[in-house]
Amino acid sequence: MVRISPSLLSANFLHLEKDIQMMEECGVNIFHMDVMDGSFVPNISYGPMILKAVDSISKVPMDTHLMIREPNRYFEVFAQYNVEYLTIHQEASLHLERDIARIKELGMKAGVALNPATSPETLRYVIRDLDLVLVMSVNPGFGGQKFISSQLEKIKEIKDMIRRYHSNAIVEIDGGIGLNNLAAVIDAGADMIVSGSSLFKGSFRDNYSKFMDIVNGR
Ligand code: DX5
Ligand code: ZN
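Below, the structure is looked at part by part. (Residues numbered from 1 in each chain as written. Chains lettered and ligands numbered in written order. Predicted model: local features only at pLDDT ≥ 70, side-chain atom pairs only at ≥ 80, totals over all residues. Heavy atoms only, no water.)

Right, let's get into the coordination of the zinc ion (ligand 2). Summarising the metal site, the zinc ion (ligand 2) is bound by the protein donors His32 (NE2), Asp34 (OD), His65 (ND1) and Asp174 (OD), whose distances to it range over 2.1 to 2.3 Å. All donor residues of the zinc ion (ligand 2) come from one chain, and their arrangement in sequence is H-x1-D-x30-H-x108-D. Of this pair, His32 sits in strand β2 (residues 31-36) while Asp174 is found in strand β7 (residues 170-174), placing the two residues 142 residues apart along the sequence. For the pair formed by His32 and Asp174, the shared burial category is buried. (Donors = N, O, S within 2.8 Å, 3.2 Å for Na, K, Ca; no water. Helix = DSSP H or I, 4+ residues; strand = E, 2+ residues; numbered from the N terminus. Buried < 20%, exposed > 50% of the residue type's maximum accessible area, 1.4 Å probe, protein only.)

Once that is clear, we can look at the site of ligand 1. In the region of ligand 1, 20 residues are neighbours, and Asp34, Gly144, Asp174, Gly196 and Ser197 sit closest. Contact distances for ligand 1 include 2.8 Å between an oxygen atom and a backbone N or O atom of Gly144. Contact between ligand 1 and Ser197: an oxygen atom at 2.5 Å from a side-chain N or O atom of the residue. Contact with the protein chains removes 100% of the 380 Å² of surface that ligand 1 exposes when unbound. Using a 2 Å cut-off from the grid points, one finds that ligand 1 occupies the largest pocket. (Near = heavy atom within 4 Å. Polar contact = N/O pair within 3.5 Å; in protein donor to acceptor, adjacent residues only side chain to side chain. Areas by Shrake-Rupley, 256 points an atom, 1.4 Å probe, with all protein chains shown as cover. 1 Å grid on protein atoms, 1.4 Å probe; cavity = no way out; pocket = protein on both sides within 12 Å on 5 of 7 lines; lining within 4 Å. Sits in = over half its atoms within 2 Å of the grid points.)

Tallied over the full model, the rule gives three aromatic pairs. With 5.7 Å between their ring centres and 40° between their planes, Phe13 and Tyr46 make a pair best called tilted. Of this pair, Phe13 sits in the loop between β1 (3-6) and α1 (16-26) while Tyr46 sits in the loop between β2 and α2 (48-57), and the two are 33 residues apart along the sequence. Classification of Tyr46 by relative accessible area gives buried; the value is 9%. Taken together, a centroid distance of 5.6 Å and an interplanar angle of 10° make the contact between Phe204 and Tyr208 stacked. Taken together, the residues Phe204 and Tyr208, both in helix α8 (residues 204-217) and four residues apart, mark about one turn of the helix. The class for Phe204 is buried, based on a relative accessible area of 3%. We classify Tyr208 as buried; its relative accessible area is 6%. (Phe/Tyr/Trp six-rings, centres within 6.5 Å; stacked < 30°, edge-to-face > 60°.)

Quick look at the pattern of salt bridges now. The final tally for this structure, using the stated rule, is nine salt bridges. Arg205 serves as the salt-bridge partner of Glu25, at 3.0 Å between the closest nitrogen and oxygen. With Glu25 in helix α1 and Arg205 in helix α8, the pair connects residues that are 180 residues apart, well separated along the chain. According to the relative accessible area criterion, Glu25 is exposed, its value standing at 58%. Arg124 is the salt-bridge partner of Glu121, the closest N and O atoms lying 2.7 Å from each other. Three or more residues are tied together by salt bridges with common partners; here these are Arg3, Glu84 and Lys109. (Salt bridge = Lys/Arg side-chain N within 4 Å of Asp/Glu carboxyl O.)

Below, the discussion takes up helix α4 (residues 96-105). Of all the residues in α4, the buried ones are Leu96, Asp99, Ile100 and Ile103. The arc that holds every buried residue of α4, seen down its axis, measures 100°, which confines them to one face. Of the residues in α4, the exposed ones pointing more than 90 degrees away from the buried face are Arg98 and Glu105. Tucked inside the fold, the buried residues of α4 contact α3 (75-79), β4 (83-89) and β5 (109-114). Following α4 by one or two positions, Gly107 adopts a phi angle in the positive range, close to 90°. (Arc of directions from axis to C-beta. Contact = heavy atoms within 4.5 Å.)

Computed from the structure, the largest pocket encloses a volume of approximately 310 Å³. In terms of lining, the largest pocket is formed by 29 residues, of which the most central are Phe142, Gly143, Gly144, Gly175 and Gly176. Considering only residue class, the lining of the largest pocket consists of 10 nonpolar, 16 polar and three charged. When its volume is computed, the second largest pocket comes out at roughly 170 Å³. Here the lining of the second largest pocket is composed, by residue class, of three nonpolar, three polar and five charged. (Points joined across faces, edges and corners; volume = space filled by probe spheres on them. Nonpolar A, V, L, I, M, F, W, Y, C, P; charged D, E, K, R; others polar.)

Glancing now at the pairing of strand β8 (residues 192-195). Here β8 shows a buried face lined by Met192 and Val194 and a second buried face lined by Ile193 and Ser195. Of the pairings in the sheet, the one linking β1 to β8 comprises four bridges and is parallel in character. Within β8, the position partnered with Arg3 by the bridge is Met192. Judged from the three bridges that link them, β7 and β8 form a sheet pairing that is parallel. (Pairing = 2+ DSSP bridges.)

Okay, here's the thing in structure tokens:
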């Protein structure tokens, strides 16, 4: 079953608790948390304080996407909260194999994200260790950007690699996903789909139910 992971980056931080309750009522079962450091990516978003706050009011697990340099410095911090997946960028990790092992040692599932220009080949020697591969379909840093369609082929390549190496990893896609391309990313093989601006623009309830209609129809 394909999972939809709404990105809280597009929620209203003036009433985050209300948005969280609304998502729970809609049946959302994972929250995508975008942590940005203003150095690996141009933007600064939020950090552990917000995960702590979310954790204190919701049992929904978090799908945490670290867009930060030297992510290993923060693994213990994020492990304190209800983080199901902790995803780091291939481009930001100096010792990827060690970082993946450490995330799992701390009791979280380990994910690695690839920027649009990064090849799946960079994951060949760790693919069996991974629980998730995150394909970035925009250059990370901001919500509301245009989907880069070359990443559909990358999803297929990674699915193929997962099969060849008998890995249990799932594939997640993040950036520019809306009703216009949701079916295409599912058909390419995405198991988990992040969406921010398309879900939160207008009525979240209506948008989420349209998303679920497409998911259920595939
Ligand atoms: C971008 C973030 C995304 C972002 C997606 O750097 O990783 O998770 O919130 O937002 P949309 O769906 O608006 O592209
Ligand atoms: Zn993200």
